[in-house]
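# Examination of the molecular architecture
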Amino acid sequence: MTVLAVFAAEAGAFPLEAKDTPNDGGKSVTLTWAPPAEHPAHWTLVRRERGGAFAPVATLDGALARYVDEAAALTNGASYEYQLVADPADPPRDSEVSLPVVPSPDWLDSTKANVLVVTGLFFIVLFFTINQAHRGRRWTFRKIPGLVAIEEAIGRATEMGKGVLYIPGVQDIDDIQTIASMILLAQVSRLTAKYETKLSVPTNSPAVYTVADEVVKSGYQDVGRADAYQGDMVRYLTSEQFAYVAAVNGMMLRERPAANLLLGAFFAESLLLAETGHSIGAIQIAGTANVHQMPFFVVACDYTLIGEEYYAASALLSNDALLLGSLKAADTVKLVLIIVIALGCVLATLGNPSLGNWFSTQ
Amino acid sequence: MNLESLSRLDRRWIFLAVGLLVILPLAFGFHIAPVEPSPRSRGFYDAIEKLPEGSTVLLSGDYDPSTIAENYPMHLAAARHLMRRNMKIIALALYPAGPPLTDQVLHLVGAEFGKKEGVDYVNLGYKTGNELVMSSMGSSIPRTFPVDRRGIPVADIPVMKGIHNYEQFSLLVNVSAGFPGTKEWVQQVVSRYHLPMVAGVTAVSAPEYYPYLQTGQLHGLLGGMAGAAEYEALIERPALAMRGMDAQSLAHVFIALMILLGNLAFLGKKPARKA
Amino acid sequence: MKREIPILITLITGLFCLVGFFVPHPFVRLLYDDIQQWVIVIVGATYVLGVANLLRINMHQVSQKSPDWPYKIVLLAGLLGMMAIGFSEGVRYADDGSKFQWMYNRVYSPMSATMFALLAFFIASAAFRAFRIRSFEALLLAIAAFILMIGRVPIGNAIHPIIPAAADWLMEVPQNAAKRGILIGAALGVMATGIRLILGMEKTYGSGEGSS
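These figures come from a predicted structure and were not determined experimentally.

How each quantity is defined
- Residues numbered from 1 in each chain as written.
- Chains lettered and ligands numbered in written order.
- Predicted model: local features only at pLDDT ≥ 70, side-chain atom pairs only at ≥ 80, totals over all residues.
- Heavy atoms only, no water.
- Axes fitted to C-alpha atoms, helices over the stretch in contact; angles between N-to-C directions.
- Helix = DSSP H or I, 4+ residues; strand = E, 2+ residues; numbered from the N terminus.
- Parallel < 35°, antiparallel > 145°, perpendicular 65-115°, else oblique.
- Left-handed = near helix turned anticlockwise from the far one by under 90°.
- Contact = heavy atoms within 4.5 Å.
- Buried < 20%, exposed > 50% of the residue type's maximum accessible area, 1.4 Å probe, protein only.
- Pairing = 2+ DSSP bridges.
- Buried area = accessible area lost by both parts, 1.4 Å probe.
- Salt bridge = Lys/Arg side-chain N within 4 Å of Asp/Glu carboxyl O.
- Polar contact = N/O pair within 3.5 Å; in protein donor to acceptor, adjacent residues only side chain to side chain.
- Nonpolar A, V, L, I, M, F, W, Y, C, P; charged D, E, K, R; others polar.

## Description of the packing of helix 8 (residues 308-318) of chain A against helix 7 (residues 162-198) of chain C
Relative orientation of the contacting elements helix 8 of chain A and helix 7 of chain C amounts to 30°, with a least axis distance of 8 Å. It follows from the interaxial angle that helix 8 of chain A and helix 7 of chain C lie roughly parallel. As for the relative orientation of helix 8 of chain A and helix 7 of chain C, their crossing is left-handed in sense. Along its contact with helix 8 of chain A, which presents Glu-308, Tyr-311, Ser-314 and Ala-315 of chain A, the element helix 7 of chain C presents Gly-185, Ala-186, Gly-189, Val-190, Thr-193 and Arg-196 of chain C.

Below is the structure:
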């Protein structure tokens, strides 16, 4: 960076606009200008705090028209002025000194307004449906064959004297699909406790093992069968994806469960698990929101819960009014989004992409 | 063999046929058909090609040895393309078993182009946390990765000088096997920090990212070994993926045939007698 | 209180993280960033629990001479062996020529790739066994599958360039549209499930209680 004269010229060849960078945590100033037709090879950007002296901040390409100053030296609330100084030095080509600008943090990121609106809409509809549920309103939903089959599958395993293998997917506990799987596991464990059916839950994450173990224990306690719970029902195998698959396939071939419940996030191992399960004659119910694995489950399993059917499963099985209310809220918001998408398509076709652009996150 | 006996075909015959159809072309190199790059692969190529020389690129190798057949060739080809254009490479992996593969790629290609570790490229290694790591890097990369894979403080690594967060990168090149991977990078980084991105993914997950291509959140996409072969054709450096294309072609034709045969066998089954 | 405290913690942190997504102000952001670091630490700590569980169950099965107990010894030997090598080499485990690298390249890497490669065989057998054209929709699916399988490899373009073009159209138009629909639906499902958890409506994953 070149050394400069202490005093830079106040008047300049072109204006320099300095603004507080929007939608940020502060300590950032955005500078914009229209570079002159004949610009120098480089600009030296100089900055001063009000009442202070100019000091160089950065060297910029001569053709640039925008720069964001995020130097650690910036302080929120302090007033700064900027100027672009030609390099090599040529004072008549320097920019004007910008008006004072005060960097400050923002409380709301307006670029996420679209997400905020849809989230807000969801909360409003949800609280409305919860309110309706408290007043006794009941909604009906279509029957999902896979959910009806879960209890049948467990019953079949009981009659055959064999076990149920519950595979909660290969993601960690922070994944929403795994959490949804734990919710379903609670209901499955109550059924296996009631019917005295052997339950095996191999997990591929220590955190999932911890939660699943607690869920199964609680499920057995809920139906008064705490004595039937065994500590090795839930096992941590390995976090390595294909080692987990090999271990689970080994369990299937050795223990030969009558029912396989594959409920969670699955990736490439889905077909390996489903085909092995088919080869031992088990009834298989799968549920995942991973779209790329759905075709494999649809082909290889007896029942498949697709996408939001899987997320709705816990609410539908519980038959709890408040939970069903949340499903109704999701359905209502989906209907609104369908209308908005259709409207956006029509508007875009007529040459007005504003609605679609408003929903853009980039 | 009649259609009914076909329905009872032991699947091990199918396994044997698949094995032979894959091994023979790899062993003898049939060269069935030339590789024609798709618009998605061209997008990947063009995104790197149009970067100014000497730009800094973030290369994330989010895969492990299980998907080595699909992801390693595209990782290698991307590294070759980047180093040929004298890009500075900051590499990392979000899979625990990923860093050695990244090391292999960078060392192999670095030796080809005379690049030095620490000066032209660095492997920051693995950090647990998935999307949290991506989000944390947006605040501070040195805080998220205080040392590189060799244990050297990043403050002492020349190529890391001036690297604070995503603002210093011109492009994100992601090679991904699943989770965490391309979708998470798009959601956490492209949408929030507007960093241009290209991705190479496994074939089974490629369709999931087509919406991101259409919206411009991804500038290019390589799908599976076929995508890697197309990219090798574009950088004019045939390698592992090109060699696998004949085997893949025959395997695909065989599976299509299996669907037909399976349905013929199903039709050939005698209907059950009614009581 | 045993039930209420976890729900309260979930509510407060869940709402805070939701708000943190929209608020860039350092007052919120600094804690938001720190929470993310804490999660990384917690997830790392659970690996200790996992290894302890592995050792406990498998050592018990070896001591009881349960069915296939020799394989448990192989498992324990692999686990402890890799850990010993990694710890003994320290930060040098990443160097070329280290024992850890040898185990990685000669044992772990081929075994992982082999498991994934099994998919090719399983897909072929599943295609033969289970893909039944029983309806008009299944017929459409089969035709699309044929076009895509042939169009995605060089042999498709060699047969006729219209095949990869048709494959591209199928992927970019009907497949994309359907996938977007499923993604939007799944995203709303995620929102509904997440809100149920944050607001404490769904407690079955906790201890000893059903849903609200």
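## Comments concerning the pairing of strand 6 (residues 80-87) of chain A
The side chains of a regular strand alternate between both faces of the sheet. Residues and elements named next belong to chain A. Taking burial as the measure, the eight residues of strand 6 include eight buried ones, the bulk of the element. Covered by surrounding structure in strand 6 are Tyr-80, Tyr-82, Leu-84 and Ala-86 together with Glu-81, Gln-83, Val-85 and Asp-87, the residues of both alternating faces. Strand direction decides the pairing type here: strand 3 (residues 42-49) and strand 6, joined by eight bridges, are antiparallel. Among the inter-strand pairings, Val-46 is bridged to a residue of strand 6, identified as Gln-83.

## A short note on the pairing of strand 2 (residues 29-33) of chain A
Residues and elements named next belong to chain A. Burial analysis of strand 2 places four of its five residues in the buried class, which makes it a mostly covered element. Of the pairings in the sheet, the one linking strand 1 (residues 16-20) to strand 2 comprises five bridges and is antiparallel in character. In the strand pairing of strand 2, Glu-17 is matched with Thr-32. As paired strands, strand 2 and strand 5 (residues 66-69) are joined by four bridges and run antiparallel to one another.

## Some remarks on the interface of chain A and chain C
On the side of chain C, 63 residues touch chain A, which itself brings 72 residues to the contact. A buried area of about 5700 Å², summed over both sides, lies between chain A and chain C, and 72% of it is on carbon and sulfur atoms. Here chain A is connected to chain C by one salt bridge. Glu-275 of chain A serves as the salt-bridge partner of Arg-129 of chain C, at 2.3 Å between the closest nitrogen and oxygen. The interface formed by chain A and chain C contains 11 residue pairs in polar contact (both at pLDDT 80 or more). Here the side of chain A that touches chain C is composed, by residue class, of 45 nonpolar, 12 polar and 15 charged.

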